[in-house]
Amino acid sequence: KAGVTQTPRYLIKTRGQQVTLSCSPISGHRSVSWYQQTPGQGLQFLFEYFSETQRNKGNFPGRFSGRQFSNSRSEMNVSTLELGDSALYLCASSLRTLGDGYTFGSGTRLTVV
Amino acid sequence: QQPVQSPQAVILREGEDAVINCSSSKALYSVHWYRQKHGEAPVFLMILLKGGEQKGHDKISASFNEKKQQSSLYLTASQLSYSGTYFCGTDRSGNTGKLIFGQGTTLQVKP
């Protein structure tokens, strides 16, 4: 079966711009979680969507937002980009049942210049 | 609160064993373990649920002591393919949509 697909793989943006990242989960998975990965902070939880509703949110500013569509695909948006937003953004999908792990996508590498 | 992993890094020779620990200051409902190779996505290894259990497959196993709020990952007779960064992810409420990850343990297996 197809894995979790994230697009684009790489992105270079300028400070102040906004960016939208996309994540297509494994077929049948209705939960999509987003994580920011940096060398200094590790994997930090951004938010989780399930059945088109945000169910969990991490400690990130309001510039970070997301949404989920009826086909479970999810998008993440970052507005007014800052240099510190440079990171690998990973999404993970799951069945959201106890005992199930997450399947991660390969990520989008965002560089803010 | 982020769980604490130890050690931060370990270097092994093929065939040696390693233990990676994950400790939380808060009560845990479950602990996930993932391995990430350089430039790749994290890959799910196993999950341990509240109730205190031990799991394993092949030569990788893990335990979860909910009273001590800690989990350990055991790698026995390590292979070159075990190299990578290992992360524990903790779930405090049984809310399966949010994991808080430790900072990672880098494991390097040399021939």
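Residues numbered from 1 in each chain as written. Chains lettered and ligands numbered in written order. Predicted model: local features only at pLDDT ≥ 70, side-chain atom pairs only at ≥ 80, totals over all residues. Heavy atoms only, no water.

Asker: So what exactly am I meant to see when it comes to the interface of chain A and chain B here?
Answerer: As a measure of interface size, the accessible area lost when the parts come together is often cited. Between chain A and chain B, the residue contacts involve 20 residues of the former and 19 residues of the latter. Summed over the three residues of chain A that lose the most area to chain B, namely Leu 43, Leu 98 and Tyr 102 of chain A, the buried surface amounts to 35% of that side. For the interface between chain A and chain B, the tally reads zero salt bridges. Joining chain A to chain B, the criterion identifies five residue pairs in polar contact (both at pLDDT 80 or more). (Contact = heavy atoms within 4.5 Å. Buried area = accessible area lost by both parts, 1.4 Å probe. Salt bridge = Lys/Arg side-chain N within 4 Å of Asp/Glu carboxyl O. Polar contact = N/O pair within 3.5 Å; in protein donor to acceptor, adjacent residues only side chain to side chain.)

Asker: What is the right way to read the packing of aromatic side chains from this model?
Answerer: Aromatic ring pairs are described here by two measures, namely the spacing of the ring centres and the angle between the planes. Residues and elements named next belong to chain A. By the definition in use, this model includes 11 aromatic pairs over all chains. Between the aromatic rings of Tyr 35 and Phe 104, the centroid separation amounts to 6.0 Å while the plane-to-plane angle is 50°, which identifies the pairing as tilted. A residue pair is termed long-range when its members are at least 10 positions apart, and Tyr 35 in strand S4 (residues 31-38) and Phe 104 in strand S10 (residues 103-104) qualify at 69 residues. Of the two residues examined, Tyr 35 and Phe 104, each falls in the buried class. (Phe/Tyr/Trp six-rings, centres within 6.5 Å; stacked < 30°, edge-to-face > 60°. Helix = DSSP H or I, 4+ residues; strand = E, 2+ residues; numbered from the N terminus. Buried < 20%, exposed > 50% of the residue type's maximum accessible area, 1.4 Å probe, protein only.)

Asker: Can you help me understand the state of the cysteines in this one?
Answerer: When the sulfur atoms of two cysteines share a covalent bond, that bond is a disulfide. Taken as a whole, this structure holds two disulfides over all chains when the rule is applied. The disulfide that involves Cys 23 of chain A links it to Cys 91 of chain A, with 1.9 Å between the sulfurs. On the S-S bond that ties Cys 23 of chain A to Cys 91 of chain A, the torsion sits near 70°, and the link is right-handed. A residue pair is termed long-range when its members are at least 10 positions apart, and Cys 23 of chain A in strand S3 (residues 19-24) and Cys 91 of chain A in strand S9 (residues 87-94) qualify at 68 residues. Neither Cys 23 of chain A nor Cys 91 of chain A differs from the other in exposure class; each is buried. The disulfide that involves Cys 22 of chain B links it to Cys 88 of chain B, with 2.0 Å between the sulfurs. What sets the handedness of the Cys 22 of chain B and Cys 88 of chain B disulfide is the S-S torsion sign, and at about 70° it is right-handed. Pair noted here: Cys 22 of chain B is in strand S3 (residues 18-23) and Cys 88 of chain B is in strand S9 (residues 84-91), with a separation of 66 residues, a long-range link. (Disulfide = S-S within 2.5 Å.)

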